[in-house]
Amino acid sequence: MSTTSGKATGTARTRTDPLDLAGIDDMLSPEEKAVRAAVRQVCDSAVDPHVAEWFENGELPAIRELARELGGLGLLGMHLEGYGCAGMSAVDYGLACLELEASDSGIRSLVSVQGSLAMYAIWKHGSEEQKQRWLPPMAAGEAIGCFGLTEPDHGSDPAGMRTRARRDGGDWVIDGRKMWITNGSVADVAVVWARTEDEDGGVRGFVVPTGTPGFSAPLIKHKLSLRASVTSELVLDGVRLPADAVLPGVRGLRGPLSCLNEARYGIVWGAMGAARSSLAAALEYAGQRSQFGKPIAGFQLTQEKLAHMAVELTCGTLLALHLGRRKDSTGLRPEQVSIGKLNNVNKALDICRTARTVLGANGISLEYPVIRHMTNLESVLTYEGTPEMHKLVIGQAMTGLPAFR
Ligand code: FAD
(Lines give C-alpha, C1' and ligand atoms only; values in the text may rest on other atoms or scores of the structure.)
Protein backbone atom coordinates (compact mmCIF):
# COMPACT_ATOMS: atom_id res chain seq x y z
CA MET A 1 0.00 0.00 0.00
CA SER A 2 1.32 3.41 -0.84
CA THR A 3 0.32 7.07 -0.60
CA THR A 4 0.91 9.80 -3.17
CA SER A 5 4.41 10.10 -1.71
CA GLY A 6 4.87 6.40 -2.32
CA LYS A 7 5.11 5.75 1.37
CA ALA A 8 5.73 2.14 2.31
CA THR A 9 3.59 1.41 5.37
CA GLY A 10 5.30 0.39 8.59
CA THR A 11 3.19 -2.73 9.07
CA ALA A 12 4.51 -6.26 8.60
CA ARG A 13 4.50 -7.18 4.94
CA THR A 14 2.86 -10.40 3.92
CA ARG A 15 3.53 -9.85 0.21
CA THR A 16 6.16 -8.13 -1.86
CA ASP A 17 6.25 -4.36 -1.48
CA PRO A 18 6.41 -3.12 -5.08
CA LEU A 19 8.39 -0.07 -3.95
CA ASP A 20 10.95 -2.16 -2.04
CA LEU A 21 11.37 -5.36 -3.99
CA ALA A 22 14.82 -6.01 -2.55
CA GLY A 23 13.63 -5.74 1.06
CA ILE A 24 15.88 -2.80 1.97
CA ASP A 25 13.46 -2.07 4.80
CA ASP A 26 14.70 -5.17 6.58
CA MET A 27 18.13 -3.53 6.89
CA LEU A 28 16.71 -0.70 9.00
CA SER A 29 16.39 -0.85 12.77
CA PRO A 30 13.01 -0.32 14.49
CA GLU A 31 14.33 3.06 15.69
CA GLU A 32 15.24 4.12 12.16
CA LYS A 33 11.81 3.07 10.92
CA ALA A 34 10.23 5.08 13.72
CA VAL A 35 12.16 8.21 12.65
CA ARG A 36 11.04 7.68 9.08
CA ALA A 37 7.41 7.15 10.12
CA ALA A 38 7.42 10.34 12.20
CA VAL A 39 8.75 12.38 9.27
CA ARG A 40 6.22 10.81 6.94
CA GLN A 41 3.45 11.69 9.35
CA VAL A 42 4.34 15.38 9.40
CA CYS A 43 4.71 15.37 5.61
CA ASP A 44 1.32 13.68 5.21
CA SER A 45 -0.39 16.30 7.36
CA ALA A 46 1.58 19.53 6.85
CA VAL A 47 3.03 19.27 3.35
CA ASP A 48 1.30 16.87 0.97
CA PRO A 49 -2.19 18.43 1.10
CA HIS A 50 -0.77 21.85 0.13
CA VAL A 51 2.44 21.40 -1.78
CA ALA A 52 1.02 21.26 -5.32
CA GLU A 53 -0.74 24.57 -4.67
CA TRP A 54 2.44 26.11 -3.22
CA PHE A 55 4.32 24.92 -6.29
CA GLU A 56 1.68 26.27 -8.66
CA ASN A 57 1.67 29.65 -6.93
CA GLY A 58 5.46 29.67 -6.64
CA GLU A 59 5.43 30.36 -2.92
CA LEU A 60 5.95 28.80 0.46
CA PRO A 61 3.42 30.85 2.45
CA ALA A 62 3.58 28.86 5.68
CA ILE A 63 7.36 28.61 5.83
CA ARG A 64 7.64 29.85 9.46
CA GLU A 65 4.93 27.49 10.73
CA LEU A 66 6.47 24.67 8.73
CA ALA A 67 9.94 25.42 10.07
CA ARG A 68 8.60 25.30 13.63
CA GLU A 69 6.82 22.03 12.93
CA LEU A 70 9.96 20.49 11.42
CA GLY A 71 12.02 21.92 14.28
CA GLY A 72 9.62 20.48 16.85
CA LEU A 73 10.25 17.06 15.36
CA GLY A 74 14.03 17.56 15.67
CA LEU A 75 14.60 17.64 11.91
CA LEU A 76 16.60 20.88 11.76
CA GLY A 77 20.28 20.15 12.28
CA MET A 78 19.12 16.69 13.33
CA HIS A 79 22.54 15.09 12.78
CA LEU A 80 24.34 17.69 14.94
CA GLU A 81 25.10 17.24 18.65
CA GLY A 82 24.21 19.74 21.39
CA TYR A 83 22.76 23.26 21.24
CA GLY A 84 19.21 21.92 20.97
CA CYS A 85 20.03 19.65 18.03
CA ALA A 86 18.73 16.09 17.97
CA GLY A 87 22.10 14.31 17.55
CA MET A 88 20.69 11.62 15.28
CA SER A 89 22.69 9.33 12.98
CA ALA A 90 23.51 9.99 9.35
CA VAL A 91 21.12 7.20 8.35
CA ASP A 92 18.31 8.79 10.38
CA TYR A 93 19.02 12.10 8.68
CA GLY A 94 19.06 10.41 5.28
CA LEU A 95 15.75 8.66 5.89
CA ALA A 96 14.25 12.01 6.89
CA CYS A 97 15.57 13.63 3.69
CA LEU A 98 14.06 10.82 1.63
CA GLU A 99 10.61 11.31 3.15
CA LEU A 100 10.79 15.10 2.87
CA GLU A 101 11.77 14.93 -0.78
CA ALA A 102 9.08 12.32 -1.48
CA SER A 103 6.80 15.24 -0.66
CA ASP A 104 8.79 17.94 -2.47
CA SER A 105 12.43 18.80 -3.15
CA GLY A 106 11.71 22.35 -2.00
CA ILE A 107 10.82 21.18 1.50
CA ARG A 108 13.91 19.00 1.67
CA SER A 109 15.92 22.00 0.50
CA LEU A 110 14.55 24.10 3.35
CA VAL A 111 15.73 21.47 5.82
CA SER A 112 19.07 20.82 4.09
CA VAL A 113 20.02 24.47 3.88
CA GLN A 114 18.98 25.12 7.45
CA GLY A 115 20.67 22.06 8.97
CA SER A 116 23.50 21.01 6.70
CA LEU A 117 24.62 24.40 5.41
CA ALA A 118 23.76 27.29 7.75
CA MET A 119 23.66 25.40 11.06
CA TYR A 120 26.51 23.07 10.18
CA ALA A 121 28.74 26.04 9.28
CA ILE A 122 28.13 27.60 12.68
CA TRP A 123 28.28 24.28 14.54
CA LYS A 124 31.54 23.19 12.91
CA HIS A 125 33.37 26.49 12.45
CA GLY A 126 31.65 28.98 14.76
CA SER A 127 32.66 30.43 18.13
CA GLU A 128 30.95 29.28 21.32
CA GLU A 129 29.01 32.59 21.38
CA GLN A 130 27.83 32.14 17.78
CA LYS A 131 26.71 28.60 18.56
CA GLN A 132 24.84 29.62 21.72
CA ARG A 133 23.23 32.57 19.96
CA TRP A 134 22.00 30.86 16.78
CA LEU A 135 21.86 27.07 17.00
CA PRO A 136 19.07 26.59 19.59
CA PRO A 137 16.55 28.86 17.80
CA MET A 138 17.55 27.43 14.43
CA ALA A 139 17.10 23.87 15.69
CA ALA A 140 13.65 24.81 16.96
CA GLY A 141 12.70 26.45 13.65
CA GLU A 142 12.32 29.80 15.40
CA ALA A 143 15.13 31.28 13.32
CA ILE A 144 15.70 30.50 9.64
CA GLY A 145 19.16 30.44 8.10
CA CYS A 146 20.60 30.68 4.61
CA PHE A 147 24.03 30.02 3.12
CA GLY A 148 25.52 32.44 0.62
CA LEU A 149 28.35 31.04 -1.49
CA THR A 150 27.26 31.29 -5.15
CA GLU A 151 27.59 34.63 -6.92
CA PRO A 152 26.11 35.83 -10.20
CA ASP A 153 29.45 35.24 -11.99
CA HIS A 154 30.88 32.48 -9.81
CA GLY A 155 28.98 29.22 -9.32
CA SER A 156 30.99 26.05 -9.89
CA ASP A 157 34.22 27.99 -9.30
CA PRO A 158 33.68 29.83 -6.01
CA ALA A 159 37.41 30.58 -5.79
CA GLY A 160 36.73 33.54 -8.06
CA MET A 161 34.19 35.10 -5.68
CA ARG A 162 34.08 38.89 -5.66
CA THR A 163 32.28 39.50 -2.37
CA ARG A 164 34.81 41.25 -0.14
CA ALA A 165 35.10 41.65 3.62
CA ARG A 166 37.50 44.40 4.71
CA ARG A 167 38.52 45.44 8.19
CA ASP A 168 37.53 48.91 9.36
CA GLY A 169 38.83 49.54 12.86
CA GLY A 170 37.49 46.67 14.93
CA ASP A 171 34.67 45.97 12.45
CA TRP A 172 34.26 43.99 9.27
CA VAL A 173 32.55 45.64 6.28
CA ILE A 174 31.16 43.36 3.57
CA ASP A 175 30.29 44.34 -0.01
CA GLY A 176 29.07 41.97 -2.69
CA ARG A 177 26.27 39.94 -4.22
CA LYS A 178 25.21 36.35 -3.79
CA MET A 179 22.82 34.56 -6.16
CA TRP A 180 20.39 31.63 -6.02
CA ILE A 181 20.33 31.53 -2.23
CA THR A 182 17.74 29.17 -0.73
CA ASN A 183 15.73 30.65 2.18
CA GLY A 184 17.41 34.05 1.54
CA SER A 185 14.36 36.36 1.69
CA VAL A 186 12.96 34.72 4.82
CA ALA A 187 16.21 34.15 6.67
CA ASP A 188 16.99 35.65 10.07
CA VAL A 189 20.66 34.86 9.67
CA ALA A 190 22.87 34.41 6.64
CA VAL A 191 26.19 32.58 6.60
CA VAL A 192 28.04 34.56 3.93
CA TRP A 193 31.40 33.61 2.43
CA ALA A 194 33.64 36.49 1.41
CA ARG A 195 37.21 37.16 0.35
CA THR A 196 39.26 39.02 2.97
CA GLU A 197 42.37 41.13 2.67
CA ASP A 198 44.03 39.61 5.75
CA GLU A 199 47.64 38.58 5.37
CA ASP A 200 46.72 34.96 5.84
CA GLY A 201 43.67 36.05 3.85
CA GLY A 202 41.49 34.01 1.62
CA VAL A 203 37.87 33.20 2.04
CA ARG A 204 36.19 33.50 5.45
CA GLY A 205 32.65 32.85 6.62
CA PHE A 206 30.56 35.54 8.34
CA VAL A 207 27.44 35.22 10.46
CA VAL A 208 25.22 38.05 9.26
CA PRO A 209 21.95 38.88 11.03
CA THR A 210 19.71 39.78 8.11
CA GLY A 211 18.42 42.91 9.84
CA THR A 212 21.88 44.49 9.56
CA PRO A 213 21.79 47.76 7.57
CA GLY A 214 23.00 47.28 4.00
CA PHE A 215 21.72 43.70 3.78
CA SER A 216 18.76 42.86 1.55
CA ALA A 217 17.51 39.66 -0.06
CA PRO A 218 15.24 40.20 -3.06
CA LEU A 219 13.25 37.16 -4.16
CA ILE A 220 14.19 35.48 -7.44
CA LYS A 221 11.02 35.04 -9.48
CA HIS A 222 10.13 33.18 -12.70
CA LYS A 223 11.61 29.86 -11.57
CA LEU A 224 10.07 26.82 -13.26
CA SER A 225 11.71 24.45 -10.79
CA LEU A 226 11.77 24.24 -7.00
CA ARG A 227 8.80 26.58 -6.93
CA ALA A 228 7.80 25.59 -3.38
CA SER A 229 11.08 27.02 -2.13
CA VAL A 230 12.30 30.54 -1.44
CA THR A 231 15.27 31.43 -3.68
CA SER A 232 16.88 34.85 -3.42
CA GLU A 233 19.68 37.17 -4.29
CA LEU A 234 21.70 38.49 -1.35
CA VAL A 235 22.81 42.11 -1.64
CA LEU A 236 25.49 43.30 0.77
CA ASP A 237 26.18 47.02 0.53
CA GLY A 238 28.62 48.14 3.20
CA VAL A 239 27.28 45.64 5.73
CA ARG A 240 29.11 46.51 8.95
CA LEU A 241 29.63 43.69 11.42
CA PRO A 242 31.51 43.40 14.71
CA ALA A 243 34.89 41.63 14.77
CA ASP A 244 33.33 38.50 16.25
CA ALA A 245 30.98 37.99 13.26
CA VAL A 246 33.62 35.97 11.46
CA LEU A 247 33.58 32.17 11.80
CA PRO A 248 36.85 31.66 13.68
CA GLY A 249 37.26 27.96 12.99
CA VAL A 250 38.12 27.88 9.31
CA ARG A 251 39.90 29.76 6.54
CA GLY A 252 39.74 29.21 2.81
CA LEU A 253 37.32 27.30 0.61
CA ARG A 254 37.65 24.28 2.89
CA GLY A 255 35.01 26.04 5.02
CA PRO A 256 32.13 26.19 2.54
CA LEU A 257 33.13 22.91 0.91
CA SER A 258 32.89 21.09 4.25
CA CYS A 259 29.29 22.28 4.53
CA LEU A 260 28.43 21.38 0.93
CA ASN A 261 29.59 17.83 1.58
CA GLU A 262 27.02 17.56 4.38
CA ALA A 263 24.18 18.87 2.24
CA ARG A 264 25.16 16.71 -0.73
CA TYR A 265 24.90 13.65 1.47
CA GLY A 266 21.25 14.53 2.23
CA ILE A 267 20.54 14.84 -1.49
CA VAL A 268 21.81 11.30 -2.08
CA TRP A 269 18.83 10.12 -0.03
CA GLY A 270 16.40 12.87 -0.92
CA ALA A 271 16.54 12.24 -4.65
CA MET A 272 15.37 8.68 -4.02
CA GLY A 273 12.30 10.12 -2.27
CA ALA A 274 11.26 12.06 -5.37
CA ALA A 275 11.93 8.92 -7.40
CA ARG A 276 9.89 6.69 -5.08
CA SER A 277 6.95 9.05 -5.17
CA SER A 278 7.03 9.15 -8.98
CA LEU A 279 7.29 5.37 -9.29
CA ALA A 280 4.38 4.96 -6.88
CA ALA A 281 2.26 7.35 -8.93
CA ALA A 282 3.15 5.56 -12.17
CA LEU A 283 2.42 2.14 -10.72
CA GLU A 284 -0.95 3.19 -9.37
CA TYR A 285 -1.88 4.95 -12.59
CA ALA A 286 -0.82 2.02 -14.75
CA GLY A 287 -3.10 -0.28 -12.79
CA GLN A 288 -6.10 2.01 -13.21
CA ARG A 289 -5.70 3.31 -16.73
CA SER A 290 -7.04 1.06 -19.47
CA GLN A 291 -6.24 1.29 -23.18
CA PHE A 292 -6.82 -1.31 -25.88
CA GLY A 293 -9.17 -3.09 -23.49
CA LYS A 294 -6.85 -3.69 -20.54
CA PRO A 295 -4.87 -1.84 -17.86
CA ILE A 296 -1.71 -0.36 -19.33
CA ALA A 297 0.17 -2.11 -16.47
CA GLY A 298 -0.52 -5.34 -18.36
CA PHE A 299 1.52 -4.31 -21.42
CA GLN A 300 5.09 -5.56 -21.62
CA LEU A 301 6.42 -2.14 -22.58
CA THR A 302 4.87 -0.61 -19.45
CA GLN A 303 6.26 -3.38 -17.29
CA GLU A 304 9.71 -2.79 -18.76
CA LYS A 305 9.42 0.82 -17.57
CA LEU A 306 8.18 -0.23 -14.13
CA ALA A 307 10.94 -2.81 -13.76
CA HIS A 308 13.59 -0.34 -14.90
CA MET A 309 12.39 2.26 -12.40
CA ALA A 310 12.22 -0.31 -9.59
CA VAL A 311 15.77 -1.50 -10.26
CA GLU A 312 17.17 2.05 -10.33
CA LEU A 313 15.26 2.99 -7.17
CA THR A 314 16.63 -0.11 -5.43
CA CYS A 315 20.22 0.58 -6.50
CA GLY A 316 20.05 4.26 -5.53
CA THR A 317 18.50 3.55 -2.14
CA LEU A 318 21.09 0.85 -1.42
CA LEU A 319 23.86 3.29 -2.35
CA ALA A 320 22.36 5.91 -0.02
CA LEU A 321 22.13 3.38 2.81
CA HIS A 322 25.70 2.21 2.23
CA LEU A 323 27.01 5.77 2.30
CA GLY A 324 24.93 6.50 5.39
CA ARG A 325 26.25 3.48 7.29
CA ARG A 326 29.77 4.43 6.21
CA LYS A 327 29.27 8.05 7.29
CA ASP A 328 28.12 6.81 10.69
CA SER A 329 31.08 4.45 11.09
CA THR A 330 34.15 5.88 9.35
CA GLY A 331 32.97 9.11 7.72
CA LEU A 332 32.84 9.84 4.00
CA ARG A 333 35.43 11.16 1.60
CA PRO A 334 34.27 13.84 -0.86
CA GLU A 335 34.42 11.50 -3.87
CA GLN A 336 32.18 9.03 -2.06
CA VAL A 337 29.55 11.73 -1.58
CA SER A 338 30.04 12.73 -5.23
CA ILE A 339 29.33 9.18 -6.41
CA GLY A 340 26.04 9.25 -4.49
CA LYS A 341 24.95 12.72 -5.55
CA LEU A 342 25.87 12.20 -9.20
CA ASN A 343 24.26 8.79 -9.51
CA ASN A 344 21.15 9.29 -7.45
CA VAL A 345 20.03 12.63 -8.87
CA ASN A 346 20.61 11.40 -12.44
CA LYS A 347 18.73 8.17 -11.72
CA ALA A 348 15.92 10.00 -9.93
CA LEU A 349 15.47 12.25 -12.96
CA ASP A 350 15.43 9.21 -15.22
CA ILE A 351 12.78 7.56 -13.03
CA CYS A 352 10.63 10.71 -12.97
CA ARG A 353 10.84 11.13 -16.75
CA THR A 354 9.95 7.49 -17.28
CA ALA A 355 7.08 7.72 -14.78
CA ARG A 356 5.84 10.79 -16.59
CA THR A 357 5.46 8.82 -19.82
CA VAL A 358 3.39 6.17 -18.03
CA LEU A 359 0.90 8.86 -17.05
CA GLY A 360 0.50 10.07 -20.64
CA ALA A 361 -1.05 13.55 -20.79
CA ASN A 362 -1.81 13.40 -17.07
CA GLY A 363 1.94 13.22 -16.58
CA ILE A 364 2.20 16.94 -17.21
CA SER A 365 -0.52 17.83 -14.68
CA LEU A 366 0.08 19.07 -11.15
CA GLU A 367 -2.78 16.75 -10.16
CA TYR A 368 -0.02 14.15 -9.98
CA PRO A 369 3.34 14.65 -8.26
CA VAL A 370 5.51 13.42 -11.13
CA ILE A 371 6.09 16.56 -13.23
CA ARG A 372 6.65 18.57 -10.03
CA HIS A 373 9.34 16.14 -8.90
CA MET A 374 10.82 16.08 -12.37
CA THR A 375 11.19 19.83 -12.71
CA ASN A 376 12.38 20.12 -9.10
CA LEU A 377 15.15 17.66 -9.79
CA GLU A 378 16.50 19.93 -12.52
CA SER A 379 17.54 22.30 -9.70
CA VAL A 380 18.77 19.47 -7.52
CA LEU A 381 20.92 18.33 -10.46
CA THR A 382 22.59 21.74 -10.62
CA TYR A 383 22.94 22.82 -7.02
CA GLU A 384 25.37 21.31 -4.55
CA GLY A 385 27.71 20.62 -7.45
CA THR A 386 26.70 20.04 -11.05
CA PRO A 387 27.14 16.56 -12.57
CA GLU A 388 30.26 17.83 -14.30
CA MET A 389 31.82 18.93 -10.99
CA HIS A 390 31.09 15.58 -9.37
CA LYS A 391 32.60 13.74 -12.34
CA LEU A 392 35.71 15.88 -11.95
CA VAL A 393 35.88 15.11 -8.21
CA ILE A 394 35.61 11.39 -8.96
CA GLY A 395 38.09 11.67 -11.82
CA GLN A 396 40.61 13.41 -9.60
CA ALA A 397 40.21 10.75 -6.91
CA MET A 398 40.84 8.04 -9.50
CA THR A 399 43.77 9.58 -11.34
CA GLY A 400 45.30 12.02 -8.89
CA LEU A 401 45.01 14.65 -11.62
CA PRO A 402 42.73 17.66 -11.08
CA ALA A 403 40.98 18.55 -14.36
CA PHE A 404 38.91 21.49 -13.14
CA ARG A 405 40.79 24.06 -15.22
P1 FAD B 1 28.14 27.48 -13.76
O2 FAD B 1 29.19 27.24 -12.75
O3 FAD B 1 28.21 28.71 -14.58
O4 FAD B 1 28.11 26.21 -14.74
C5 FAD B 1 27.41 26.20 -16.00
C6 FAD B 1 27.73 24.88 -16.69
O7 FAD B 1 29.12 24.81 -16.96
C8 FAD B 1 27.40 23.67 -15.80
O9 FAD B 1 26.94 22.62 -16.60
C10 FAD B 1 28.76 23.31 -15.21
O11 FAD B 1 28.86 21.97 -14.82
C12 FAD B 1 29.64 23.62 -16.42
N13 FAD B 1 31.05 23.80 -16.01
C14 FAD B 1 31.57 24.77 -15.21
N15 FAD B 1 32.89 24.58 -15.03
C16 FAD B 1 33.21 23.47 -15.74
C17 FAD B 1 34.40 22.73 -15.93
N18 FAD B 1 35.56 23.07 -15.34
N19 FAD B 1 34.36 21.63 -16.72
C20 FAD B 1 33.20 21.25 -17.28
N21 FAD B 1 32.03 21.88 -17.13
C22 FAD B 1 32.04 22.98 -16.36
N23 FAD B 1 24.05 28.45 -3.95
C24 FAD B 1 24.35 28.84 -2.66
O25 FAD B 1 25.45 29.30 -2.40
N26 FAD B 1 23.43 28.72 -1.67
C27 FAD B 1 22.16 28.23 -1.90
O28 FAD B 1 21.35 28.14 -0.97
C29 FAD B 1 21.82 27.84 -3.25
N30 FAD B 1 20.55 27.43 -3.53
C31 FAD B 1 20.21 27.21 -4.85
C32 FAD B 1 18.87 26.93 -5.19
C33 FAD B 1 18.50 26.76 -6.52
C34 FAD B 1 17.06 26.52 -6.86
C35 FAD B 1 19.49 26.78 -7.54
C36 FAD B 1 19.10 26.54 -8.98
C37 FAD B 1 20.80 27.04 -7.23
C38 FAD B 1 21.18 27.27 -5.89
N39 FAD B 1 22.49 27.62 -5.55
C40 FAD B 1 22.82 27.97 -4.26
C41 FAD B 1 23.50 27.80 -6.61
C42 FAD B 1 24.10 26.51 -7.16
O43 FAD B 1 24.93 25.92 -6.20
C44 FAD B 1 24.84 26.88 -8.46
O45 FAD B 1 23.85 27.16 -9.42
C46 FAD B 1 25.75 25.77 -8.94
O47 FAD B 1 26.90 25.67 -8.13
C48 FAD B 1 26.20 25.98 -10.39
O49 FAD B 1 26.69 27.27 -10.58
P50 FAD B 1 26.17 28.13 -11.84
O51 FAD B 1 24.69 28.08 -11.86
O52 FAD B 1 26.82 29.45 -11.73
O53 FAD B 1 26.68 27.37 -13.12
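Anything mentioned here points back to the structure above.
Now for a look at the structure at hand. Fair warning: this is a prediction, and the values are worked out from it, not measured in the lab. (Residues numbered from 1 in each chain as written. Predicted model: local features only at pLDDT ≥ 70, side-chain atom pairs only at ≥ 80, totals over all residues. Heavy atoms only, no water.)

A few words now on the overall build of the protein. Within the protein, the secondary structure is distributed over eleven helices and nine strands. Its C-alpha atoms give the protein a radius of gyration of 21 Å, near enough to 22 Å, the size a compact globule of 405 residues would have. If one aligns the C-alpha atoms of the protein with their principal axes, the spans along those axes are about 80 × 45 × 40 Å. Burial analysis of the protein (405 residues in total) assigns 55% to the buried set. Within the protein, contacts between residues at least 6 apart in sequence are counted, and of these 75% link residues at least 24 apart. Summed over all atoms, the accessible surface of the protein reaches about 17,000 Å², with 54% contributed by carbon and sulfur. (Helix = DSSP H or I, 4+ residues; strand = E, 2+ residues; numbered from the N terminus. Rg over C-alpha atoms; globule rule 2.2 N^0.38 Å. Buried < 20%, exposed > 50% of the residue type's maximum accessible area, 1.4 Å probe, protein only. Contact = heavy atoms within 4.5 Å. Areas by Shrake-Rupley, 256 points an atom, 1.4 Å probe, with all protein chains shown as cover.)

Inspection of every chain in the model, using the stated rule, returns 21 salt bridges. We note a salt bridge from Asp104 to Arg372, for which the minimum N-O separation is 2.7 Å. Of the two residues, Asp104 is situated in the loop between helix H4 (90–103) and helix H5 (105–125) and Arg372 in helix H10 (residues 370–382); the sequence distance between them amounts to 268 residues. For the pair shown, Asp104 and Arg372 are each scored as buried. Of the charged contacts, one joins Asp153 and Arg162 as a salt bridge, the two residues approaching to 2.6 Å between their closest N and O atoms. Across the pair, Arg162 and Asp153 agree in class, each one exposed. Connected via shared salt-bridge partners are Arg40, Asp44, Asp48, Glu99 and Arg276. (Salt bridge = Lys/Arg side-chain N within 4 Å of Asp/Glu carboxyl O.)

What follows deals with unusual backbone geometry. Positive phi, normally seen in glycine, also occurs at Asn183, with a value near 70°. Structurally, Asn183 is set in the loop between strand S3 (171–182) and strand S4 (189–196). Although it is not a glycine, Phe292 adopts a positive phi angle of roughly 50°. Mapped onto the elements of the fold, Phe292 is located in the loop between strand S8 (290–291) and strand S9 (294–295).

A few words on the nonpolar core. Leu70, Phe147, Trp193 and Trp269 are the most contacted members of the largest nonpolar core, which has 101 residues in total. The biggest single contributor to this core is helix H7 (residues 254–288), with 17 residues. Ignoring anything within four residues of it in the chain, the contact list for Phe147 reads Val113, Leu117, Ala118, Ala121, Ile181, Val191, Trp193, Pro256, Cys259 and Leu260. (Core = buried A, V, L, I, M, F, W, Y, C linked by side-chain atoms within 4.5 Å.)

It is worth spelling out the pairing of strand S5 (residues 202–209) at this point. The buried fraction of S5 is high, at six of eight residues. Bridging between S4 and S5 involves eight bridges; their strand directions are antiparallel. Paired with Trp193 across the bridge in S5 is Gly205. (Pairing = 2+ DSSP bridges.)

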